[in-house]
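A structural walkthrough
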Amino acid sequence: MNIILLGPPGSGKGTQAEMLSKTYGIPHISTGDILREEVMKGTSLGEKVKVYMNKGELVPDELVIEILKKRLQEPDCKKGFILDGFPRNLRQAKALDIILRDVNLKIDAVVYIDVTDEEIMRRLSLRRTCKVCGRVYNLYYNPPKYDEKCDICGGELFIRDDDKPEVIERRLKVFNEETKPLIEYYEEKRLLVRISGMSSIDDVFRHIAEKLGLKKG
Ligand code: AMP
(Lines give C-alpha, C1' and ligand atoms only; values in the text may rest on other atoms or scores of the structure.)
Protein backbone atom coordinates (compact mmCIF):
# COMPACT_ATOMS: atom_id res chain seq x y z
CA MET A 1 0.00 0.00 0.00
CA ASN A 2 1.33 3.44 -0.97
CA ILE A 3 0.09 6.10 1.42
CA ILE A 4 0.51 9.85 1.88
CA LEU A 5 -0.05 11.29 5.36
CA LEU A 6 -1.19 14.88 5.17
CA GLY A 7 -1.78 17.21 8.08
CA PRO A 8 -0.56 20.32 9.87
CA PRO A 9 2.67 20.22 11.86
CA GLY A 10 1.94 18.50 15.15
CA SER A 11 -1.04 16.55 13.81
CA GLY A 12 0.73 13.30 14.66
CA LYS A 13 1.73 12.38 11.09
CA GLY A 14 5.18 11.23 12.11
CA THR A 15 3.92 9.14 15.02
CA GLN A 16 1.20 7.51 12.93
CA ALA A 17 3.57 6.92 10.03
CA GLU A 18 6.00 5.16 12.36
CA MET A 19 3.22 2.95 13.77
CA LEU A 20 1.92 2.09 10.31
CA SER A 21 5.44 1.34 9.15
CA LYS A 22 6.13 -1.04 12.08
CA THR A 23 2.75 -2.77 11.91
CA TYR A 24 2.59 -3.27 8.16
CA GLY A 25 6.30 -3.57 7.38
CA ILE A 26 6.54 -0.76 4.85
CA PRO A 27 9.08 2.09 4.95
CA HIS A 28 8.26 5.45 6.54
CA ILE A 29 9.66 8.23 4.39
CA SER A 30 9.82 11.58 6.17
CA THR A 31 11.42 14.40 4.20
CA GLY A 32 11.70 16.35 7.48
CA ASP A 33 13.72 13.49 9.06
CA ILE A 34 15.95 13.17 5.98
CA LEU A 35 16.61 16.92 5.98
CA ARG A 36 17.26 17.03 9.75
CA GLU A 37 19.82 14.25 9.35
CA GLU A 38 21.62 16.23 6.66
CA VAL A 39 21.67 19.26 8.98
CA MET A 40 22.97 17.15 11.87
CA LYS A 41 25.73 15.64 9.70
CA GLY A 42 26.67 19.12 8.49
CA THR A 43 26.60 18.18 4.79
CA SER A 44 26.46 20.89 2.13
CA LEU A 45 22.79 20.06 1.57
CA GLY A 46 22.26 20.36 5.32
CA GLU A 47 23.90 23.80 5.36
CA LYS A 48 21.64 24.92 2.50
CA VAL A 49 18.36 23.77 4.04
CA LYS A 50 19.05 24.76 7.67
CA VAL A 51 18.16 28.42 7.16
CA TYR A 52 14.73 27.59 5.74
CA MET A 53 13.97 24.97 8.37
CA ASN A 54 14.92 27.18 11.29
CA LYS A 55 12.55 29.86 10.04
CA GLY A 56 9.67 27.42 9.50
CA GLU A 57 9.79 27.96 5.72
CA LEU A 58 9.63 25.22 3.11
CA VAL A 59 13.00 24.34 1.62
CA PRO A 60 13.18 24.80 -2.18
CA ASP A 61 11.07 22.30 -4.12
CA GLU A 62 13.95 21.15 -6.38
CA LEU A 63 15.93 19.92 -3.37
CA VAL A 64 13.16 17.90 -1.72
CA ILE A 65 11.83 16.53 -5.00
CA GLU A 66 15.30 15.21 -5.84
CA ILE A 67 15.66 13.64 -2.37
CA LEU A 68 12.29 11.97 -2.64
CA LYS A 69 12.86 10.72 -6.16
CA LYS A 70 16.06 8.97 -5.07
CA ARG A 71 14.41 7.50 -1.97
CA LEU A 72 11.45 6.10 -3.90
CA GLN A 73 13.80 4.27 -6.24
CA GLU A 74 15.24 2.22 -3.38
CA PRO A 75 14.16 -1.43 -3.45
CA ASP A 76 12.31 -1.38 -0.09
CA CYS A 77 9.67 0.92 -1.63
CA LYS A 78 8.52 -1.85 -3.95
CA LYS A 79 6.34 -3.37 -1.22
CA GLY A 80 4.75 -0.02 -0.35
CA PHE A 81 5.63 3.21 1.47
CA ILE A 82 4.27 5.90 3.75
CA LEU A 83 5.07 9.49 2.83
CA ASP A 84 5.17 11.90 5.76
CA GLY A 85 5.74 15.60 5.02
CA PHE A 86 5.76 15.25 1.25
CA PRO A 87 4.15 16.68 -0.83
CA ARG A 88 3.88 20.08 0.88
CA ASN A 89 2.50 22.09 -2.05
CA LEU A 90 0.89 21.62 -5.47
CA ARG A 91 4.19 21.72 -7.33
CA GLN A 92 5.53 18.86 -5.23
CA ALA A 93 2.27 16.91 -5.66
CA LYS A 94 2.50 17.19 -9.43
CA ALA A 95 6.18 16.24 -9.37
CA LEU A 96 5.26 13.18 -7.29
CA ASP A 97 2.65 12.15 -9.87
CA ILE A 98 5.38 12.16 -12.52
CA ILE A 99 7.97 10.36 -10.38
CA LEU A 100 5.47 7.60 -9.56
CA ARG A 101 4.26 7.29 -13.14
CA ASP A 102 7.86 6.80 -14.29
CA VAL A 103 8.39 3.91 -11.88
CA ASN A 104 4.94 2.46 -12.49
CA LEU A 105 3.58 3.10 -9.00
CA LYS A 106 0.53 4.93 -7.72
CA ILE A 107 -0.81 6.37 -4.49
CA ASP A 108 -3.59 4.26 -2.92
CA ALA A 109 -4.76 6.73 -0.28
CA VAL A 110 -4.06 10.17 1.15
CA VAL A 111 -4.88 10.35 4.85
CA TYR A 112 -5.62 13.85 6.10
CA ILE A 113 -5.21 14.13 9.87
CA ASP A 114 -7.32 17.04 11.03
CA VAL A 115 -6.35 18.97 14.19
CA THR A 116 -7.31 22.50 15.32
CA ASP A 117 -4.75 25.34 15.37
CA GLU A 118 -5.06 25.74 19.16
CA GLU A 119 -4.28 22.06 19.68
CA ILE A 120 -1.26 22.32 17.39
CA MET A 121 0.20 25.21 19.38
CA ARG A 122 -0.31 23.20 22.56
CA ARG A 123 1.29 20.07 21.14
CA LEU A 124 4.29 21.60 19.43
CA SER A 125 5.32 23.82 22.29
CA LEU A 126 5.44 20.72 24.53
CA ARG A 127 7.14 18.51 21.96
CA ARG A 128 10.55 17.10 22.80
CA THR A 129 12.74 15.06 20.46
CA CYS A 130 15.51 12.63 21.33
CA LYS A 131 18.90 13.90 20.19
CA VAL A 132 20.13 10.37 19.58
CA CYS A 133 17.31 8.26 18.07
CA GLY A 134 14.82 10.95 17.01
CA ARG A 135 11.91 9.53 19.04
CA VAL A 136 9.27 12.19 19.70
CA TYR A 137 7.60 12.86 23.09
CA ASN A 138 5.03 15.31 24.37
CA LEU A 139 5.51 16.48 27.94
CA TYR A 140 1.75 16.39 28.50
CA TYR A 141 0.35 13.56 26.33
CA ASN A 142 3.19 11.06 26.23
CA PRO A 143 5.97 12.22 28.54
CA PRO A 144 9.21 10.26 28.90
CA LYS A 145 9.43 8.06 32.01
CA TYR A 146 12.47 9.94 33.29
CA ASP A 147 12.85 13.69 33.08
CA GLU A 148 14.01 14.84 29.65
CA LYS A 149 15.64 11.48 28.79
CA CYS A 150 14.58 9.11 26.01
CA ASP A 151 12.82 5.91 27.19
CA ILE A 152 14.32 3.92 24.34
CA CYS A 153 17.98 4.94 24.26
CA GLY A 154 18.48 7.28 27.23
CA GLY A 155 19.43 10.11 24.86
CA GLU A 156 18.92 13.72 25.86
CA LEU A 157 15.64 15.34 24.74
CA PHE A 158 15.68 18.73 23.06
CA ILE A 159 13.30 21.30 21.57
CA ARG A 160 13.57 21.41 17.78
CA ASP A 161 14.53 24.91 16.61
CA ASP A 162 11.36 24.96 14.55
CA ASP A 163 9.22 24.10 17.61
CA LYS A 164 9.88 27.54 19.14
CA PRO A 165 6.62 29.59 19.37
CA GLU A 166 7.37 32.20 16.69
CA VAL A 167 8.46 29.49 14.23
CA ILE A 168 5.40 27.33 15.00
CA GLU A 169 3.18 30.23 13.92
CA ARG A 170 5.08 30.58 10.66
CA ARG A 171 4.86 26.82 9.99
CA LEU A 172 1.11 26.90 10.54
CA LYS A 173 0.75 29.79 8.13
CA VAL A 174 2.83 27.95 5.53
CA PHE A 175 0.65 24.87 6.03
CA ASN A 176 -2.59 26.80 5.61
CA GLU A 177 -1.42 28.67 2.54
CA GLU A 178 0.66 26.07 0.70
CA THR A 179 -0.24 22.58 1.88
CA LYS A 180 -3.98 22.86 2.51
CA PRO A 181 -4.82 23.17 -1.22
CA LEU A 182 -3.63 19.56 -1.52
CA ILE A 183 -6.78 18.43 0.26
CA GLU A 184 -8.84 19.49 -2.75
CA TYR A 185 -6.24 18.12 -5.18
CA TYR A 186 -6.50 14.63 -3.70
CA GLU A 187 -10.23 14.88 -3.10
CA GLU A 188 -10.69 15.37 -6.82
CA LYS A 189 -8.58 12.28 -7.42
CA ARG A 190 -10.86 10.43 -4.95
CA LEU A 191 -7.92 9.48 -2.77
CA LEU A 192 -8.61 11.57 0.33
CA VAL A 193 -9.51 9.93 3.64
CA ARG A 194 -10.24 12.35 6.50
CA ILE A 195 -9.41 11.33 10.06
CA SER A 196 -9.81 13.38 13.21
CA GLY A 197 -6.44 13.73 14.91
CA MET A 198 -8.01 15.00 18.13
CA SER A 199 -8.25 11.61 19.89
CA SER A 200 -5.52 9.47 21.45
CA ILE A 201 -2.58 8.15 19.42
CA ASP A 202 -3.98 4.59 19.55
CA ASP A 203 -7.48 5.69 18.52
CA VAL A 204 -6.20 7.69 15.57
CA PHE A 205 -4.14 4.68 14.51
CA ARG A 206 -7.16 2.36 14.76
CA HIS A 207 -9.28 4.75 12.68
CA ILE A 208 -6.63 4.98 9.97
CA ALA A 209 -6.18 1.20 9.80
CA GLU A 210 -9.96 0.69 9.68
CA LYS A 211 -10.57 3.29 6.99
CA LEU A 212 -7.77 1.92 4.84
CA GLY A 213 -8.87 -1.66 5.41
CA LEU A 214 -5.31 -2.56 6.44
CA LYS A 215 -4.61 -6.05 7.63
CA LYS A 216 -1.53 -7.11 9.57
CA GLY A 217 1.28 -9.02 7.98
P1 AMP B 1 8.58 18.19 9.29
O2 AMP B 1 9.45 17.35 10.12
O3 AMP B 1 7.83 17.42 8.24
O4 AMP B 1 7.68 19.09 10.10
O5 AMP B 1 9.55 19.17 8.44
C6 AMP B 1 10.41 20.08 9.09
C7 AMP B 1 10.87 21.13 8.11
O8 AMP B 1 11.59 20.52 7.04
C9 AMP B 1 9.76 21.94 7.42
O10 AMP B 1 9.31 23.02 8.20
C11 AMP B 1 10.48 22.38 6.17
O12 AMP B 1 11.37 23.44 6.42
C13 AMP B 1 11.31 21.17 5.81
N14 AMP B 1 10.56 20.23 4.93
C15 AMP B 1 10.19 18.96 5.23
N16 AMP B 1 9.55 18.40 4.20
C17 AMP B 1 9.50 19.34 3.22
C18 AMP B 1 8.96 19.39 1.93
N19 AMP B 1 8.29 18.34 1.39
N20 AMP B 1 9.11 20.53 1.22
C21 AMP B 1 9.77 21.60 1.70
N22 AMP B 1 10.29 21.64 2.93
C23 AMP B 1 10.16 20.52 3.71
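Whatever comes next refers back to the structure up there.
About the cut-offs
- Residues numbered from 1 in each chain as written.
- Predicted model: local features only at pLDDT ≥ 70, side-chain atom pairs only at ≥ 80, totals over all residues.
- Heavy atoms only, no water.
- Pairing = 2+ DSSP bridges.
- Helix = DSSP H or I, 4+ residues; strand = E, 2+ residues; numbered from the N terminus.
- Axes fitted to C-alpha atoms, helices over the stretch in contact; angles between N-to-C directions.
- Near = heavy atom within 4 Å.
- Polar contact = N/O pair within 3.5 Å; in protein donor to acceptor, adjacent residues only side chain to side chain.
- Areas by Shrake-Rupley, 256 points an atom, 1.4 Å probe, with all protein chains shown as cover.
- Nonpolar A, V, L, I, M, F, W, Y, C, P; charged D, E, K, R; others polar.
- Core = buried A, V, L, I, M, F, W, Y, C linked by side-chain atoms within 4.5 Å.
- Buried < 20%, exposed > 50% of the residue type's maximum accessible area, 1.4 Å probe, protein only.
- Contact = heavy atoms within 4.5 Å.
- Salt bridge = Lys/Arg side-chain N within 4 Å of Asp/Glu carboxyl O.

This paragraph deals with the sheet that holds strand 1 (residues 2–6). Taking strand neighbours across the sheet as the criterion, the 5 strands line up as 2-3-1-4-8 in an open arrangement whose pairing is parallel. A single partner strand is all that each edge strand has here, and the edge strands are strand 2 (28–30) and strand 8 (192–196). Across the sheet, the axes of successive neighbouring strands diverge by a mean angle of 20°, strand direction being ignored. With 4 bridges connecting them, strand 1 and strand 4 (residues 109–114) associate as parallel partners. Bridging across to strand 4, Leu6 finds its partner in Tyr112.

As a structural note, the neighbourhood of the ligand is formed by 16 residues, with Thr31, Arg36, Glu57, Gly85 and Gln92 the closest of them. Thr31 places a polar side-chain atom, nitrogen or oxygen, 2.8 Å from a nitrogen atom of the ligand. Interatomic distance of 3.4 Å between a side-chain N/O atom of Arg160 and an oxygen atom of the ligand. For the ligand, whose accessible area on its own is 480 Å², the fraction buried by protein is 96%. Per-element accounting of the shell around the ligand gives the leading share, 4 residues, to helix 2 (residues 31–41). Broken down by class, the residue content of the shell around the ligand amounts to 6 nonpolar, 4 polar and 6 charged.

Counting 32 residues, the largest nonpolar core has Leu72, Phe81, Leu83, Leu96, Ile107, Val110 and Tyr186 as the members making the most contacts within it. The set of elements that each furnish at least two residues to this core consists of strand 1, helix 3 (44–55), helix 4 (61–72), strand 3 (81–84), helix 5 (90–102), strand 4 and helix 8 (181–188). The contact partners of Leu83, leaving out residues within four places of it in the chain, are Ile3, Ile4, Leu5, Ile29, Leu68 and Leu96. Within the second largest apolar cluster, 23 residues are counted, among which are Ile3, Ile82, Ala109 and Phe205.

What follows deals with the pattern of salt bridges. Within this structure, the stated rule accounts for 25 salt bridges. In this structure, Lys189 and Asp97 form a salt bridge, with 3.5 Å as the shortest nitrogen-oxygen distance. One end of the pair, Lys189, is in the loop between helix 8 and strand 8; the other, Asp97, is in helix 5, and 92 residues separate them in sequence. Lys189 sits in the partly exposed class, given a relative accessible area of 38%.

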